Amino acid sequence: MRTILFFDLPTLTSKNRKDYRAFVKLLIKSGFYRIQESVFVKMSITPQSAESCIQYIDKNKPKEGSIMLLTVTEKQFANMNILLGDVSTDVETSDKRVIII
């Protein structure tokens, strides 16, 4: 499963910018990676781990702005169409299972 996080945070004041930077650092520390400027993705093994991730973000969200989360399956994520640009990530985007021995 993948949890896709979309956000739009204000950056008008220095406090807003500080909150923005702290939130992005929290996302990266939590295992999210950036796929667009305000779109982050995290892989979860089980629905329960995806739900605990959502609860953690809810508990640590900034006071202002808009944050949306969408959980999709690996197959749905792998079927995402890229209309312009390239994917520049080290994360595998296939629904095939990988076993490392």
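Above this text you will find the structure in question.
Residues numbered from 1 in each chain as written. Predicted model: local features only at pLDDT ≥ 70, side-chain atom pairs only at ≥ 80, totals over all residues. Heavy atoms only, no water.

Undergrad: I'd like a rundown of helix α2 (residues 47-59), residues and numbers included.
TA: In this model α2 runs 18 Å from its N-terminal to its C-terminal C-alpha over 13 residues, within 8% of the 18 Å that 1.5 Å per residue would give. Residues of α2 that are buried: A50, C53 and I57. Buried residues in α2, looked at end-on, bunch into an arc of 60°, giving them a common side. Looking at α2, the residues exposed on the side facing more than 90 degrees away from the buried face are Q48 and K59. (Helix = DSSP H or I, 4+ residues; strand = E, 2+ residues; numbered from the N terminus. Expected span 1.5 Å × (residues − 1). Buried < 20%, exposed > 50% of the residue type's maximum accessible area, 1.4 Å probe, protein only. Arc of directions from axis to C-beta.)

Undergrad: Residue-level account of the sheet that holds strand β2 (residues 33-36), with values.
TA: Within the open sheet, the 4 strands sit side by side as β2-β3-β1-β4. Their pairing is antiparallel. Each end of this open sheet is capped by a strand with a single partner; those strands are β2 and β4 (66-72). Neighbour-to-neighbour, the strand axes of this sheet turn through a mean angle of 30°, independent of strand direction. Pairing between β2 and strand β3 (residues 39-43): 3 bridges, direction antiparallel. Within the sheet, the bridge partner assigned to Q36 lies in β3 and is V39. (Pairing = 2+ DSSP bridges. Axes fitted to C-alpha atoms, helices over the stretch in contact; angles between N-to-C directions.)

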